[in-house]
Amino acid sequence: MQIASENMNNDAWLKLGKRVNTLLAQSDVDGIVITHGTDTIEETAYFLDLVVKSKKPVVIVGAMRPSTAISADGPINLYNAVLLAGSKEAIGKGVLVTLNDQINAGREVTKTNTSTLDTFKTPELGFLGYIQGSKPYFYRQSTRKNTVDTPFDIMNLDKLPQVDIVYGYANMNPIALNAFVAAGAQGIIHAGVGDGSLNNTVVPSLTEARKKGVVIVRSSRVGQGIVARNGEADDDKLDFVVSDTLNAQKARILLMLALTKTTDTKEIQKMFWEY
Ligand SMILES: NC(=O)CC[C@H](N)C(=O)O
């Protein structure tokens, strides 16, 4: 597909995931490079990290400068991506993202700057390694399960459950949340302030939604750190799930896939601690 990545959607992810799995099952394919717009690279990377059923390298790559710019970064990024996807070092590391001579994990990478070349980062936890002189150098690896070690199988799916994101802010109101639930959301990611705090104005609607069976995940708008269970809300009583370190857009990916397996909030919580 040739789309701007702001137009990425669930159907395209399913199509891409199936294609990647089909190609990786071939013995003459050693790895895959996917070129991708940078706006939603982090979502596609985590989606594939959870649904690809192979240890062969899958590398997603983008460029921050247009090809017409002075010192465009596309050519070097693409070159690095191909060598990474063909390297032994990248086998079993999950889906990887490379730009700017750095390698990040699909679960953790996020776009941190609207425009600069060094925009892709793994805040605090750090990137996995460098590519220098046509060689990948790895220093660390995510401890979270990916690819062959997750239970998610998309090969027979033609739709993903509706999960929407509600953003927290001072003077928040429940209008958007109520609209998502009325429109059939099966899951809501609440990107709360601080460590996932809930404004009093949305608690009744969240509680009501949960009673209707909607799974509520408390994430944070901060972008770094853990949202811990029973921290800023009584998750046990409310029967909510916490996102651990996943930002809202990544929590949405995991919750969609989790809901293809179960609606049990205890099981879903375990997934957020495991993947
Ligand atoms: N720098 C880019 O990747 C282009 C941004 C574009 N909006 C996209 O994500 O597809």
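Residues numbered from 1 in each chain as written. Predicted model: local features only at pLDDT ≥ 70, side-chain atom pairs only at ≥ 80, totals over all residues. Heavy atoms only, no water.

Enquirer: Could you clarify how one ought to interpret the UniProt feature "domain: Asparaginase/glutaminase C-terminal" (unreviewed entry) in the chain in this entry?
Expert: UniProt feature "domain: Asparaginase/glutaminase C-terminal" (unreviewed entry): in the numbering of this structure it lies at residues 162-272. Helix makes up 37% of residues 162-272 and strand 17%. Its end C-alpha atoms lie 18 Å apart. (UniProt positions renumbered as here; feature names shortened; annotations may be inferred. Helix = DSSP H or I, 4+ residues; strand = E, 2+ residues; numbered from the N terminus.)

Enquirer: I'm lost on the domain arrangement of the chain in this one. Help?
Expert: Bring the parts together and some accessible area is lost; that lost area is often taken as the interface size. Split by domain assignment, the chain resolves into domain 1 (5-149) and domain 2 (163-273). The straight-line distance from the C-alpha centre of domain 1 to that of domain 2 is 27 Å. Every contact between the two is made by 16 residues of domain 1 and, on the other side, 16 residues of domain 2. Across the domain 1 to domain 2 interface the summed buried area is about 1,300 Å²; carbon plus sulfur atoms make up 54%. Considering only the surface of domain 1 that becomes buried against domain 2, Y46, R107 and R144 emerge as the three largest contributors, covering 36% of it. At the surface where domain 1 touches domain 2, the tally comes to two salt bridges. (Domains from an automatic or database assignment. Contact = heavy atoms within 4.5 Å. Buried area = accessible area lost by both parts, 1.4 Å probe. Salt bridge = Lys/Arg side-chain N within 4 Å of Asp/Glu carboxyl O.)

Enquirer: Teacher, can you tell me more about unusual backbone geometry here?
Expert: A negative phi holds for most residues other than glycine; trans holds for most peptide bonds. Residues other than glycine seldom take positive phi values, yet N100 does so here, at roughly 60°. Among the residues examined, N100 registers a relative accessible area of 29% and is labelled partly exposed. Phi angles above zero are rare outside glycine, and N230 is one such case at about 60°. (Buried < 20%, exposed > 50% of the residue type's maximum accessible area, 1.4 Å probe, protein only.)

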